[in-house]
Structure formats: C-alpha cells, structure tokens
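Single-letter residue listing:
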Amino acid sequence: PVAMAAGLAVAAAIAMAVVRAGGPVVYVLGGWMPPLGIALRADGFSAVMLVTSALVIAAAGYYARTTFATPASMTEARAPFAFWTLLQGLWAGLNVVFVGGDLFNLYVALEMLTFAAVPLVCLGGRAETLQAALRYLLFALVGSVLYLLGAALLYGAWGTLDIALLAQRIGIGRGADPAVYVAAGLMTAGLLAKTALFPLHLWLPPAHANAPAPASAVLSALVVKASFFLVVRLWFSVLPGQATGAAMATLGVLGSCAILFGSVLALRQARLKLLIAYSTMAQIGYLFLMFPLAIGAHPWSAIGWNGGVMQALSHALAKAAMFLAAGLIAEALGHDRLAGLRGLGRAMPMTVFALGLGGLSLMGLPPSGGFFAK
C-alpha cells in the first residue's frame, strides 16, 4: 500500500509539473546530455498514462490483497511473492515506457514488461494458462526482435537513438533515406505484435481470459497501451515527416478490421472473461483510428489526437473495472459462463453495476469517457 500510494503521488506530481510548465518536462540523468546521456521526457500524454497506470495498479493491488495474501501460518508463499514482485516490475516498466526518451532504453522497458507480464498470465499453473503464456511470450519476443532491428538501423544511419535528436537529424528533407522506411516498418510491426492489433491478436484473448483477475485488469488496461504509446511516439515524435497518408491509412484500416473482427468474436463467446478479452481486441482498433485522423493540418487533427488519448484513458479504466468485476463473479459462482449468470444482479448488485458502467463507457454512452473519445 505504501509503495502504491507513493507511486500515485509521484505520478500526480509529474502531471502537475507538466501542467505548470505548459509543455514537456525533461530530466537529464547524471547531468550527461544526449547523445552521451539519457533524457527522460514527460509531456501531456505521458502524464495521463502515468496517472492512469498508478490508479489501475492501485485498484488491482487492492483487489489482490486477499487473493494473493500470504497465509498467516507461513512466512512466505510462492504465488503471493511472485505476484507482488511481478506487479512492481511491470509498473516500473510502464513508467519507463511513458517517460523514456531513448529508443534503446524503451526496448529495455518493453522487455521488462514482457518478462513481468508473461509470468502473471500463468500464476495459476494450469495447462491452459501455460499455453497462453507461451503464446504471449512468442509474439512478444518476435515483436522485440523486430523493434530492436529497426532501432539498430536508425542508429547506424543517424548515430543516435534519442527521440528528440533523431527527429532533428532525420528531418523532412532527409527522410527519403530507405533506412528510415525499413526501420519504421520493422519497429511498427514489432510494436503491433505486442499491442495485439489485428491480425497479430492471437495471443491476447487466451492470455487475458486465463490470467488471475487483477493480472487481467493490468494486462488489458495498461500493458497493451505501452506498445501503442510507442507507436504514437515513433510516428509523431521520431518520424513526423514520414507520417504519410498511406502509412497512417494502413494503421487505420487494421484498426477498423480489429473493431469488426473483435466485436463479432466477442459476441460468440460463452465465458465472461473471454468476451471482455475479445472486446479489448476491438477497443485497441479504436485507438489506431487516431493515426489517419491526427496527421496533417486539417481542422480535425487536434480532435483526432485528443480522441485517441481519451480512448486510451477511458478504455484503461473501463476494462480494469470489467475484469475485476468478472473476477469477483467467478470467485462467487465458481465459474464465469454466461449461461449460468441468471439472477446475478440480485445477488451481486454492486459488482454487476460496476461491470455495466465499464461496458457503457466502452459503448460510448454519455457522459462516460468513452463518449468523449468516440
């Protein structure tokens, strides 16, 4: 509790510093300026994600205080020790992603996320959870390799991996270098695999549906947002001159396919957690609609950008609430089969109310955050 309260206070302080500064806040580690040193940068999007991460992890930790409590008769138990350690490691990785200013250090943060998130999926030790975790690990590692190859190409061509310096050195006039396009394609493909955007979504539903409820909430609400956040950083901060209509339209089309495909599959599920997991796949698609809307100087570019940030925020809060509510339902009934939930509203009214609020936000019913996003 102390660590989570302190983390929330730090995230709020960073957000306030960004508001007061009226722009990005930069902290140079060790006093060594890039490219020799590493700079941490927090802007408005970073501040929103930092505070959201702190809130969701605090909620997941509060839920897990009984599920992963160490029995009084023991000094230490495997599952609680693993869960709380992995949760803190995952939170640290998220924070580095949201404030990192160097592409290689962002790669390290992504690996921290991967090796904290994958064990959270299979804490139960069942065969289906192990299979889901291995599939997740395969997609995540392939994504990491592609991202690292792209970063290596950028470093070989431009001599730095600092985001601000790269944007300056690549520039609009020198963006015709083939290495830029190859690197952007490799890094984007790797990040899309980690985000589970259609058609690279195969790992997400079983991983999120079979993980413990607090882990599912964090994975769905935050972990997939980290790689999406880096796609935004790549195209709008590192390569703004290469954010062409064709590239952005491709991301928008993949997002549209994710919305349609994920929604249809969600409607066909027999389990509540699987339904919510496929809904995550669909909602990720909405995030990528911001790319074709936010480029250029047309009047709706700012609306597209703000809508994408609001969608990331509202989806994180709504999906965390839905997975935690689904976990309470599964604990109370011993299952989460939709066919066996008759009468649940009378037995667990507040849980069903929280689940319904999350669903209404995803639908975009006013005055929810999903309404303003969509």
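Preceding this paragraph is the structure being described.
Residues numbered from 1 in each chain as written. Predicted model: local features only at pLDDT ≥ 70, side-chain atom pairs only at ≥ 80, totals over all residues. Heavy atoms only, no water.

Peer 1: I'd like a description of the overall build of the chain, backed by residues and values.
Peer 2: Along its length, the chain carries 16 helices and 2 strands. Its C-alpha atoms give the chain principal-axis dimensions of about 65 × 45 × 40 Å. With 374 residues in all, the chain has 51% of them scored as buried. For the chain, long-range pairs separated by at least 24 residues make up 72% of all intrachain contacts whose partners lie at least 6 apart in sequence. Surface exposure of the chain reaches about 16100 Å², of which carbon and sulfur atoms provide 72%. When the 19 basic and 9 acidic side-chain charges of the chain are each reduced to a single mean position, those positions are 11 Å apart. (Helix = DSSP H or I, 4+ residues; strand = E, 2+ residues; numbered from the N terminus. Buried < 20%, exposed > 50% of the residue type's maximum accessible area, 1.4 Å probe, protein only. Contact = heavy atoms within 4.5 Å. Areas by Shrake-Rupley, 256 points an atom, 1.4 Å probe, with all protein chains shown as cover. Lys, Arg positive; Asp, Glu negative; His and termini not counted. Charge placed at Lys NZ, Arg CZ, Asp CG, Glu CD.)

Peer 1: Could you give an account of the nonpolar core, with specific residues and numbers?
Peer 2: Judged by nonpolar contacts, the single largest core of 117 residues is most densely connected at Leu90, Leu103, Tyr136, Leu154, Trp235, Phe288 and Phe291. A per-element tally of this core places helix H9 (residues 213-238) first, with 18 residues. In this structure, Leu154 is in contact with Leu103, Gly159, Thr160, Leu161, Leu166, Ile170, Ala183 and Met187, ignoring residues within four places of it in sequence. (Core = buried A, V, L, I, M, F, W, Y, C linked by side-chain atoms within 4.5 Å.)

Peer 1: Give me a nonpolar patch on the surface: which residues, what numbers.
Peer 2: Taken together, the side chains of Met350, Phe353, Leu357, Leu360, Met363 and Leu365 define a hydrophobic patch exposed on the protein surface, amounting to about 630 Å² of accessible area. Note on placement: Leu365 falls in the loop between helix H15 (349-363) and helix H16 (369-373). (Patch = residues over 30% accessible without salt bridge, like charges linked within 9 Å, V, L, I, M, F, W, Y side chains within 5 Å. Salt bridge = Lys/Arg side-chain N within 4 Å of Asp/Glu carboxyl O.)

Peer 1: Tell me about the side chain of Ser144, residues and numbers included.
Peer 2: Looking at the element boundaries, Ser144 is found in helix H5 (residues 127-158). Its relative accessible area of 3% is what places Ser144 among the buried residues. Apart from the residues within four sequence positions on either side, Ser144 is in contact with Tyr107, Glu111 and Lys194.

Peer 1: Got a sec to walk through helix H3 (residues 78-99)? Specific residues and values, please.
Peer 2: Between its first and last C-alpha, H3 extends 32 Å over 22 residues, near the 32 Å set by a 1.5 Å rise per residue. Among all positions in H3, only Pro80, Ala82, Phe83, Leu86, Leu87, Leu90, Trp91, Gly93, Leu94, Val97, Phe98 and Val99 are buried. Elements in contact with the buried residues of H3: helix H1 (2-21), strand S2 (39-42), helix H2 (44-67), helix H4 (103-121) and H9. (Expected span 1.5 Å × (residues − 1).)

Peer 1: Could you give me a rundown of the pattern of salt bridges, with the residues and numbers involved?
Peer 2: When the charged atoms of two side chains with opposite charge come close together, those side chains can pair. For the structure shown, the criterion picks out 5 salt bridges. The salt bridge partner of Glu128 is Arg126, with a shortest N-O separation of 2.8 Å. With a relative accessible area of 39%, Arg126 lands in the partly exposed category. Between Asp336 and Arg271 there is a salt bridge, with the nearest N and O atoms lying 3.0 Å from each other. Of this pair, Asp336 sits in the loop between helix H13 (301-333) and helix H14 (344-347) while Arg271 is found in the loop between helix H10 (245-267) and helix H11 (272-288), placing the two residues 65 residues apart along the sequence. Under the relative-accessibility criterion, Asp336 is labelled buried at 7%. Judged by relative accessible area, which is 26%, Arg271 ranks as partly exposed.

Peer 1: Quick rundown of the packing of H10 against H11? Include the residues and the values.
Peer 2: Where H10 contacts H11, the axes come no closer than 7 Å and their chain directions differ by 160°. It follows that H10 is roughly antiparallel to H11 by the angle criterion. In this structure, H10 meets H11 at a crossing whose hand is left-handed. From H10, Leu251, Gly252, Gly255, Ala258, Ile259, Phe261, Gly262, Ser263, Leu265 and Ala266 reach across to H11, where they touch Leu275, Tyr278, Ser279, Met281, Ala282, Gly285, Tyr286 and Phe288. Among the residues making up the contact of H10 with H11, the classes are represented as 12 nonpolar, 6 polar and no charged. (Axes fitted to C-alpha atoms, helices over the stretch in contact; angles between N-to-C directions. Parallel < 35°, antiparallel > 145°, perpendicular 65-115°, else oblique. Left-handed = near helix turned anticlockwise from the far one by under 90°. Nonpolar A, V, L, I, M, F, W, Y, C, P; charged D, E, K, R; others polar.)

Peer 1: Any chance you could break down the packing of aromatic side chains for me, citing the residues and the numbers?
Peer 2: Applying the stated criterion across every chain yields a total of 12 aromatic pairs. Ring centres of Phe68 and Phe83 lie 4.2 Å apart, and the angle between their planes is 5°; on these two criteria the pair is classed as stacked. Taken together, the residues Phe68 in the loop between H2 and H3 and Phe83 in helix H3 connect sequence positions 15 residues apart. No difference in accessibility class separates Phe68 from Phe83, as the two residues are buried. Where Tyr136 meets Trp203, the ring centres are 4.2 Å apart and the plane angle is 5°; that geometry is what we call stacked. Of the two residues, Tyr136 is situated in helix H5 and Trp203 in the loop between helix H7 (178-195) and helix H8 (204-210); the sequence distance between them amounts to 67 residues. Given the relative accessible area of 4%, Tyr136 is considered buried. Site record: aromatic cluster; members linked through ring pairs are Phe228, Phe236, Phe288 and Phe291. (Phe/Tyr/Trp six-rings, centres within 6.5 Å; stacked < 30°, edge-to-face > 60°.)

That is the geometry; function is a separate question.
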